[in-house]
Amino acid sequence: MQQLAHHTWLTVRGPLLALLGLAAAYALSTLLDGFGWQAGLGLVAFLATVLLVGVFGFRMHPEDAVEEAATAIRDTAALAIGVVLLTATFLTALTSGHAPTTT
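Residues numbered from 1 in each chain as written. Predicted model: local features only at pLDDT ≥ 70, side-chain atom pairs only at ≥ 80, totals over all residues. Heavy atoms only, no water.

## Let's talk about the nonpolar core
Inference 1: Judged by nonpolar contacts, Leu17, Ala18, Ala25, Phe46, Val50, Phe58, Met60, Ala65, Ala69 and Ala72 together constitute the single largest core of 10 residues.
Inference 2: Those elements that place two or more of their residues in this core are helix H1 (2-31), helix H2 (38-57) and helix H3 (62-96).
Inference 3: Here Phe58 is in contact with Trp9, Arg13, Leu16, Leu17 and Val53, once residues within four sequence places are set aside. (Core = buried A, V, L, I, M, F, W, Y, C linked by side-chain atoms within 4.5 Å. Buried < 20%, exposed > 50% of the residue type's maximum accessible area, 1.4 Å probe, protein only. Helix = DSSP H or I, 4+ residues; strand = E, 2+ residues; numbered from the N terminus. Contact = heavy atoms within 4.5 Å.)

So this is what it looks like as structure tokens:
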């Protein structure tokens, strides 16, 4: 049971770091609405949150914290792109009157 909990924790901490970083960036961008450096400060808030929570909260090396957060974001983006492409394929098939084919 302890091994399962440890494996689950290792799987979840990257996405959790990414979500915390995105929440910090969103909160900062909401506070600085209309400020010229909003995107740059959002990136700084994201990286600072990932590093601080990863190093001091999760007891990780800084490069591991950034790498795990980046991997979680990359996986989420790949999944989102896949969903968009699959949806576009089916919508195209529905509107053209032909059934989608697989090759």
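Still more to cover.
## So, the pattern of salt bridges
Inference 1: Applying the stated criterion to the full structure yields one salt bridge.
Inference 2: With a closest N to O distance of 2.9 Å, Arg13 and Glu68 form a salt bridge. Linking Arg13 in helix H1 with Glu68 in helix H3, this pair joins segments that are 55 residues apart in sequence.
Inference 3: Residue class for Glu68 comes out partly exposed when judged on its relative accessible area of 21%. (Salt bridge = Lys/Arg side-chain N within 4 Å of Asp/Glu carboxyl O.)

## Some thoughts on the packing of H1 against H3
Inference 1: Viewed as axis vectors pointing N to C, H1 and H3 meet at an angle of 85°, and their least axial separation amounts to 7 Å. Taken together, H1 and H3 sit at an angle that is classed as roughly perpendicular. Between H1 and H3, the residues in contact are Leu10, Arg13, Gly14, Pro15, Leu17 and Ala18 and Ala65, Glu68, Ala69, Ala72 and Ile73, respectively.
Inference 2: Here the contact of H1 with H3 is built from residues that sort into eight nonpolar, one polar and two charged. (Axes fitted to C-alpha atoms, helices over the stretch in contact; angles between N-to-C directions. Parallel < 35°, antiparallel > 145°, perpendicular 65-115°, else oblique. Nonpolar A, V, L, I, M, F, W, Y, C, P; charged D, E, K, R; others polar.)

## Describing the environment of Arg59
Inference 1: Within the secondary structure layout, Arg59 lies in the loop between H2 and H3.
Inference 2: Look at Arg59 and you get exposed, because its relative accessible area is 68%.
Inference 3: A polar side-chain atom of Arg59 sits 3.2 Å from the main-chain carbonyl oxygen of Phe56. (Polar contact = N/O pair within 3.5 Å; in protein donor to acceptor, adjacent residues only side chain to side chain.)

## Here's the deal with the side chain of Arg13
Inference 1: We classify Arg13 as buried; its relative accessible area is 16%.
Inference 2: Excluding its chain neighbours within four sequence positions, the residues that come into contact with Arg13 are Phe58, Met60 and Glu68.

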